[in-house]
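As a plain string of letters, each chain reads:
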Amino acid sequence: EGLSGLQGELPGALVIKDNPALTSFNGLESITWLGGNADGNALVISSNAALASLEGLSGLQGELPGALVIQDNPALTSLHGLESIRGLGDNADGNALVIS
């Protein structure tokens, strides 16, 4: 919730990784679009052991120019919150969506 002032379009990628106590993205609901990074990713959510919800990203909408990468988040059981994303670009590996 400390980042709740972020809103609208962010020009670069959103990378959230290696946060063992993070449980949700509450407070980020006002972010509507993401750019990409040098690897071609728009959104990377990786190695957040306690993350149980993506609902705080529900403001993201439309087509993102890069890939969506969700890896190693063992408490995450649903992609609920990402329903308004309508399209993805690809990353340097040629992937648009990576979930593992």
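Residues numbered from 1 in each chain as written. Predicted model: local features only at pLDDT ≥ 70, side-chain atom pairs only at ≥ 80, totals over all residues. Heavy atoms only, no water.

Participant: Please explain the pairing of strand β2 (residues 14-17) as it appears in this structure.
Facilitator: The side chains of a regular strand alternate between both faces of the sheet. Only one face of β2 is buried, namely the one carrying Leu14 and Ile16, since none of Val15 and Lys17 on the opposite face is buried. Direction of pairing for β2 relative to strand β4 (residues 41-46): parallel, over a ladder of four bridges. If you follow Val15 over to β4, its bridge partner there is Val44. (Buried < 20%, exposed > 50% of the residue type's maximum accessible area, 1.4 Å probe, protein only. Helix = DSSP H or I, 4+ residues; strand = E, 2+ residues; numbered from the N terminus. Pairing = 2+ DSSP bridges.)

Participant: Could you clarify how one ought to interpret unusual backbone geometry in this entry?
Facilitator: Phi is mostly negative for residues that are not glycine, and the peptide bonds are mostly trans. Phi is positive for Asp18, close to 60°, though the residue is something other than glycine. Even without glycine at this site, Ser47 takes up a positive phi of about 60°. Within the secondary structure, Ser47 is located in the loop between β4 and β5 (62-64). A residue is classified by how much of its surface remains accessible, and Ser47, at 27% relative accessible area, is partly exposed.

Participant: Teacher, can you tell me more about the nonpolar core here?
Facilitator: Looking at soluble globular proteins, one finds that nonpolar side chains tend to be buried together. The biggest cluster of nonpolar side chains holds 20 residues, and the ones touching the most others in it are Phe25, Leu34, Leu43, Ile45, Leu54 and Leu57. Broken down by secondary-structure element, the contributors of at least two residues to this core are β2, β3 (31-34), β4 and β6 (67-71). With near-sequence residues (within four places) excluded, Leu54 lies in contact with Phe25, Ile45, Ile70, Leu76, Ser78, Leu79, His80, Gly81 and Leu82. (Core = buried A, V, L, I, M, F, W, Y, C linked by side-chain atoms within 4.5 Å. Contact = heavy atoms within 4.5 Å.)

Participant: How should I be thinking about the sheet that holds β2 in this particular structure?
Facilitator: Spatially, four strands are ordered β2-β4-β6-β8 in an open sheet, and the strand pairing comes out parallel. Of all the strands in the sheet, just β2 and β8 (97-99) have a single pairing partner and so form its edges. The mean angle between the axes of side-by-side strands here comes to 5°, regardless of whether they run parallel or antiparallel. In terms of strand pairing, β4 meets β6 through five bridges, oriented parallel. Within the sheet, the bridge partner assigned to Asn41 lies in β6 and is Ala67. (Axes fitted to C-alpha atoms, helices over the stretch in contact; angles between N-to-C directions.)

Participant: Just to check I follow, could you spell out the side chain of Ser46 for this structure?
Facilitator: For Ser46, the position within the fold is in strand β4. Judged by its relative accessible area of 9%, Ser46 is buried. Within polar-contact distance, the side chain of Ser46 engages the side chain of Ser47 at 3.4 Å. Filtering out sequence-adjacent residues up to four positions away, Ser46 remains in contact with Ile16, Lys17, Asp18, Gln71, Asp72 and Asn73. (Polar contact = N/O pair within 3.5 Å; in protein donor to acceptor, adjacent residues only side chain to side chain.)

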